[in-house]
Amino acid sequence: MANKRDLKKDINYVLGDIIEAVYVWEYTNTDKDNKQSEAIIDDAIVTFDELITKTNAKDVDNKKAHFNSIKKELEDKGRALIERINKLG
């Protein structure tokens, strides 16, 4: 089982990479509208805040199951954000 510190690092790295990918897209597509890409960044930040809050929750009975559900949520939301980036095309 990963510890809380590793889970926080994973959340930071995954969502940070997604935000970085959006910035790269914006930089390479200066002629296109940035409203959708900015919305992806905003959603990534909201997701980060939600997952960190869940990770820091103190009143958890089964930590392993709790952390596994957070990992699953990170994976699902991360994939959804990546799909949105790919649709910016």
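The structure contained in this document is the topic of the report that follows.

### Description of the overall build of the chain
Reasoning step 1: Of the regular secondary structure elements, the chain holds 3 helices and 0 strands.
Reasoning step 2: In terms of overall dimensions, the chain has C-alpha extents of about 50 × 20 × 15 Å along its principal axes.
Reasoning step 3: Taken over 89 residues, the chain has a buried fraction of 30%.
Reasoning step 4: Long-range pairs, those at least 24 residues apart, make up 70% of the contacts in the chain between residues at least 6 apart in sequence.
Reasoning step 5: A distance of 7 Å separates the average location of the 16 positive side-chain charges in the chain from that of its 18 negative side-chain charges.

### A short note on the nonpolar core
Reasoning step 1: By size, the foremost hydrophobic cluster in this structure holds 18 residues, and its most contacted members are Ile11, Leu15, Ile40, Ile70 and Leu81.
Reasoning step 2: Every element with two or more residues in this core is listed here: helix H1 (4-28), helix H2 (35-55) and helix H3 (63-88).
Reasoning step 3: With 7 residues, H1 is the largest single contributor of residues to this core.

### Things to note about the packing of H1 against H2
Reasoning step 1: Their axes nearest at 10 Å, the elements H1 and H2 cross at an angle of 175°. With respect to H2, the axis of H1 lies roughly antiparallel. Contacts between H1 and H2 involve Lys4, Leu7, Lys8, Ile11, Asn12, Leu15, Ile19, Val22, Tyr23, Trp25 and Glu26 from the first element and Ser37, Glu38, Ile40, Ile41, Ala44, Ile45, Thr47, Phe48, Leu51, Ile52 and Thr55 from the second.
Reasoning step 2: When its residues are assigned to classes, the contact of H1 with H2 shows 14 nonpolar, 4 polar and 4 charged.

### Description of the pattern of salt bridges
Close approach of charged atoms allows side chains with opposite charge to pair.
Reasoning step 1: Taken as a whole, this structure holds 6 salt bridges when the rule is applied.
Reasoning step 2: The partner of Arg84 in a salt bridge is Asp43, and the shortest N-O contact between them spans 2.5 Å. You can see Arg84 sitting in helix H3 and its partner Asp43 sitting in helix H2, a full 41 residues away along the chain.
Reasoning step 3: In this structure, the salt-bridge partner of Lys72 is Asp76, at a minimum N-O distance of 3.1 Å. Taken as a pair, Lys72 and Asp76 lie in helix H3 at a separation of 4 residues, close to a single helical turn.
Reasoning step 4: For Lys72, a relative accessible area of 46% translates into the label partly exposed.
Reasoning step 5: In this structure, a network of salt bridges that share partners links the residues Glu50, Lys54, Glu73 and Lys77.

Cut-offs used in this document
Residues numbered from 1 in each chain as written. Predicted model: local features only at pLDDT ≥ 70, side-chain atom pairs only at ≥ 80, totals over all residues. Heavy atoms only, no water. Helix = DSSP H or I, 4+ residues; strand = E, 2+ residues; numbered from the N terminus. Buried < 20%, exposed > 50% of the residue type's maximum accessible area, 1.4 Å probe, protein only. Contact = heavy atoms within 4.5 Å. Lys, Arg positive; Asp, Glu negative; His and termini not counted. Charge placed at Lys NZ, Arg CZ, Asp CG, Glu CD. Core = buried A, V, L, I, M, F, W, Y, C linked by side-chain atoms within 4.5 Å. Axes fitted to C-alpha atoms, helices over the stretch in contact; angles between N-to-C directions. Parallel < 35°, antiparallel > 145°, perpendicular 65-115°, else oblique. Nonpolar A, V, L, I, M, F, W, Y, C, P; charged D, E, K, R; others polar. Salt bridge = Lys/Arg side-chain N within 4 Å of Asp/Glu carboxyl O.

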